[in-house]
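Descriptive structure summary
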Amino acid sequence: MTIDLRNQVALVTGAGRGIGSEIAMSLANAGAKVALCARTEANLQSVAETIRASGGDCFAVPTDVSDSAAVDMLMNAVMERWGRLDILVNNAGITRDMLLLRMKEEDWDAVLQVNLKGAFLCTRSALKPMLKQRFGRIVNVTSVIGLTGNAGQANYAASKAALIAFTKSVAVEVGSRGITCNAIAPGFIETDMTAGLSDELKQKALERIPLGRLGLSKEVANGVLFLSSEMAAYITGQTLVVDGGLTTGL
Ligand code: NAP
């Protein structure tokens, strides 16, 4: 499957490491110019160097996606540099796990602010150029936890389930203007986010995954690449599950 994104401009949030950096590199390898966003500049610069080393065009804009003014500045920077935005990947996400009775209000708020409000702010801002262009591809990175729920992750599960409903609503609102909006739901992927899980939890997860292993960031990035491409032109409002079969047998 060859995907050609030359002459397209993409913005990837949470692109400093893990799944987001892999998505950014995959879009750049397919020819897209890529704007990279996360809060930590050093991480973004190292991803940017990797992309440039393989001939890609990119720039880094340190941004907190839950800050409305910062998101508008991010979008202005993209427009000033490249004058258009074709692909938005809302990937930035955090966890603050705790059983509900002991969950702090600030941990509830933090997760909803980044995972849900961040996607809202970036999408609202990105829609302006996309509506003018009458073209756009929006991909929201949700999670299988948004489909199944999980003990200790009520805040995260709620944010990711809401992101799926958000995806469907945006798809319906802007479909007539040539813009698609889809979600991708990874299962257990080897990143910093899952590195902190205990061996026991990882072992339990492995036993429930029909393909018998954790997923790779690259395997999520492949799905994002597909949803961003011409091949997915007639797909909108959907959630693509990339979980090695984890949720299939549930
Ligand atoms: P990760 O390794 O923790 O990376 C998260 C990225 O998001 C980092 O670059 C981080 O950079 C950025 N970020 C966090 N808060 C931000 C904010 N307020 N504004 C801008 N950027 C922010 O996570 P990951 O495992 O790659 O996960 C990426 C996405 O996939 C998340 O949405 C996650 O929920 C989802 N997901 C992951 C898994 C998994 O197994 N790993 C499974 C299902 C879904 P800074 O901290 O520097 O801002």
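Every chain begins its residue count from 1, and numbering advances along the sequence as written. Where local features are concerned, this predicted model is filtered to residues with pLDDT of at least 70; where side-chain atom pairs are given and counted, the filter is 80 or more; whole-chain, interface and lining totals use all residues. Hydrogens and waters are ignored; side-chain quantities use all the structure's heavy atoms.

Let's talk about the site of the ligand
Nearness here has a simple test: a residue counts as near a molecule or strand if at least one of its heavy atoms is within 4 Å of that partner. The local shell around the ligand holds 29 residues, among which R39, T40, N91, Y156 and T191 are the closest. Within the backbone of G16, an N or O atom sits 3.2 Å from an oxygen atom of the ligand. At a separation of 3.3 Å, an oxygen atom of the ligand approaches a polar backbone atom of G187. Accessibility throughout is a Shrake-Rupley quantity obtained with a 1.4 Å probe, and a residue counts as covered only by protein chains that appear here. Against a free-state accessible area of 880 Å², the protein chains account for coverage of 96% of the ligand. Labels follow the DSSP assignment, with helices taken as runs of H or I lasting at least four residues and strands as runs of E lasting at least two, numbered in each case from the N terminus. A total of three residues in the shell around the ligand trace back to one element, the largest contributor, which is helix α7 (residues 192-195). Any pair of N or O atoms that falls within 3.5 Å is considered a polar contact. Within protein, one atom must be able to donate a hydrogen and the other to accept it, and sequence-neighbouring residues count only if both atoms are side-chain atoms.

Some words on the packing of helix α1 (residues 18-29) against helix α9 (residues 217-228)
The description of two packed helices rests on the angle between their axes and on the distance between the axes. At a minimum axis distance of 8 Å, the contact between α1 and α9 shows a crossing angle of 50°. Classified by the interaxial angle, the pair formed by α1 and α9 is oblique. At the point where α1 passes α9, the crossing takes the right-handed sense. When α1 is examined against α9, the residues G18, I19, E22, I23, S26 and L27 are found in contact with a partner set consisting of S217, K218, V220, A221, V224, L225 and S228. Residue composition of the contact of α1 with α9, grouped by class: seven nonpolar, four polar and two charged. Here the axes come from fitting lines to C-alpha atoms, over the contacting stretch only for helices, and the angles between their N-to-C directions go from 0 to 180 degrees. Just so you know how the angles are binned, under 35 degrees is roughly parallel, over 145 roughly antiparallel, 65 to 115 roughly perpendicular, and the rest oblique. Two helices crossing with the near one rotated counterclockwise from the far one by less than a right angle form a left-handed crossing, whereas a clockwise rotation gives a right-handed crossing. By the convention used here, residues are in contact when the closest approach between their heavy atoms is within 4.5 Å. Throughout, the ten residues Ala, Val, Leu, Ile, Met, Phe, Trp, Tyr, Cys and Pro are labelled nonpolar, Asp, Glu, Lys and Arg are labelled charged, and all others, Gly among them, are labelled polar.

Describing unusual backbone geometry
Of note, the phi angle at N7 is positive, near 70°, even though the residue is not glycine. With respect to the element layout, N7 can be found in the segment before β1 (9-13). By relative accessible area, which is 63% here, N7 ends up exposed. One non-glycine residue, R134, adopts positive backbone phi at about 55°. Within the element layout of this structure, R134 appears in the loop between α4 (105-133) and β5 (136-141). In this scheme, a residue with accessible area under 20% of its type's maximum is buried, one over 50% is exposed, and one in between is partly exposed, where area comes from a 1.4 Å probe on protein chains only.

What to know about the sheet that holds β1
The strands that make up a sheet pair up through hydrogen bonds in the backbone, lying either parallel or antiparallel. Strands pair, by our definition, only if DSSP identifies at least two bridges between them. What the seven strands build is an open sheet, ordered β3-β2-β1-β4-β5-β6-β7; its pairing is parallel. With one partner strand each, in any of the chains shown, β3 (58-60) and β7 (239-242) form the two edges of the open sheet. With strand direction ignored, the average angle separating the axes of adjacent strands in the sheet is 15°. As paired strands, strand β2 (residues 33-37) and β3 are joined by three bridges and run parallel to one another.

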